[in-house]
Structure formats: structure tokens, C-alpha cells
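Listed below, chain by chain, are the residues.
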Amino acid sequence: MTSTPVRLTRRTTDTPAELVDIFRPLKMITLKLTPGCNLSCSYCNVDAASPSTPRMSIETYRRIIDLLVEHTVHDDLTVEFHGGEPLLLGEDWFREAVG
């Protein structure tokens, strides 16, 4: 796994104290982008290749990242994409997410 350092810019928002407390100590976050998978592994009993399988919207992703960047006490962060198969979201989703 490789990572690229990103300079964090914090903003002041009216985030509820409960969310601030959750995001403050985080240095790494794993986001399950979809339970969907197109690999059909013989050992897996999950039927998650359906087009209706939920996928995280780019708007939800942005809100999570904004909260993390705004409220963490750390200067560097790690964001890990997890699934199912996260790449089912497509190249455009990832270009927008990390762009």
C-alpha cells in the first residue's frame, strides 16, 4: 500500500459536539464504499454483484472527509477504501475523491 501526504486545511464549522468528539482522535479511517463485488469467489456466500447493491455517494464521502480534516488533531491522515470491491464505483468516482 502506498500513500501520498496531503496538507490539511482546517475550517471552522457548526458541527455537533458529538461528531467533533468522534473525529478528533482519528488518524486513519476505513470507508466501506460498497458491499458489492464482481469476483464470484467460490468461498464467498455473499450475493452482492447486483446493480442495486448500495454504493457510497461522492457527497457522503466528501462529508466524511471534511469532518475528518476539520476536526482531527493529527497533521496527517490515512484513508483506506474497503468493500466488497471498491473499484466497482468506477474510475471517475476515485478521480473526484482523490483529486
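Residues numbered from 1 in each chain as written. Predicted model: local features only at pLDDT ≥ 70, side-chain atom pairs only at ≥ 80, totals over all residues. Heavy atoms only, no water.

## Re the overall build of the chain
Worth spelling out the cut-off: The numbering of helices and of strands both runs from the N terminus, where a helix is a DSSP run of H or I of at least 4 residues and a strand a run of E of at least 2. For every residue, the accessible area obtained with a 1.4 Å probe (protein chains only) is divided by the maximum for its type, and the residue is called buried under 20%, exposed over 50%, and partly exposed between those limits. Whether two residues are in contact is decided by their heavy atoms: any pair within 4.5 Å suffices. Per-residue and other accessible areas were derived by the Shrake-Rupley procedure at a 1.4 Å probe size, with only the shown protein chains allowed to occlude residues.
Each helix and strand counted, the chain has three helices and two strands in total. Looking at the 99 residues of the chain, the share that counts as buried comes to 29%. Sequence-distant contacts in the chain: of pairs separated by 6 or more residues, those separated by 24 or more amount to 80%. Of the roughly 7200 Å² of accessible surface on the chain, a fraction of 53% belongs to carbon and sulfur atoms.

## A closer look at the environment of leucine 87
You can see leucine 87 is positioned in the loop between β2 (78–83) and α3 (91–98). Once the C-alpha coordinates of leucine 87 and leucine 33 are considered, the two residues, 54 residues apart in sequence, prove to be 8.9 Å apart.

## Concerning the side chain of glutamate 85
The condition that has to hold: Only four residue types enter the charge count, namely Lys and Arg as positive and Asp and Glu as negative; His and the chain termini do not. Each reported salt bridge corresponds to a side-chain nitrogen of Lys or Arg within 4 Å of a carboxyl oxygen of Asp or Glu. For the purposes of these results, a polar contact is taken to be a pair of N or O atoms within 3.5 Å, where, inside protein, one atom must be able to donate a hydrogen and its partner to accept one; residues adjacent in sequence count only when each atom of the pair is a side-chain atom.
Within the secondary structure, glutamate 85 sits in the loop between β2 and α3. No salt bridge is formed by the buried glutamate 85; the nearest opposite charge belongs to arginine 55, separated by 10 Å. A polar contact of 3.0 Å, which involves the side chain of glutamate 85, links it to the backbone nitrogen of leucine 87. The residues contacting glutamate 85, other than those within four sequence positions of it, are Thr34, Gly36, Cys37, Asn38 and Leu39.

## Focus: the confidence of the model for the chain
To be explicit about the condition: pLDDT measures the predictor's confidence residue by residue and takes values from 0 up to 100.
In this model, the chain carries a mean pLDDT of 82, and residues with pLDDT of at least 70 account for 81%. Per-element confidence in the chain is highest for α3, whose mean pLDDT is 94, and lowest for helix α1 (residues 17–23), whose mean pLDDT is 80.

## Side note on the packing of helix α2 (residues 58–71) against α3
In plain terms, the rule: To obtain each axis, a line is fitted to C-alpha atoms, and for helices this fit is confined to the stretch in contact; angles are then taken between N-to-C directions over 0 to 180 degrees. Note on angle classes: values under 35 degrees are labelled roughly parallel, values over 145 roughly antiparallel, values of 65 to 115 roughly perpendicular, and the remainder oblique. Throughout, a crossing is termed right-handed when the near helix is turned clockwise from the far one, and left-handed when it is turned anticlockwise from it by less than a right angle.
Viewed as axis vectors pointing N to C, α2 and α3 meet at an angle of 25 degrees, and their least axial separation amounts to 11 Å. Taken together, the axis directions place α2 and α3 in an arrangement best described as roughly parallel. Relative to α3, the crossing made by α2 is right-handed. Each of Ile58, Tyr61 and Arg62 in α2 lies in contact with α3, whose residues at this interface are Trp93, Glu96 and Ala97.

## A look at the state of the cysteines
Going by this rule: In what follows, a disulfide is any cysteine sulfur pair within 2.5 Å.
A full pass over the atoms with the stated rule returns zero disulfides. No disulfide involves cysteine 37; its nearest neighbouring cysteine sulfur is the one of cysteine 41, lying 5.9 Å away. Take cysteine 41: its relative accessible area is 28%, and that puts it in the partly exposed class.

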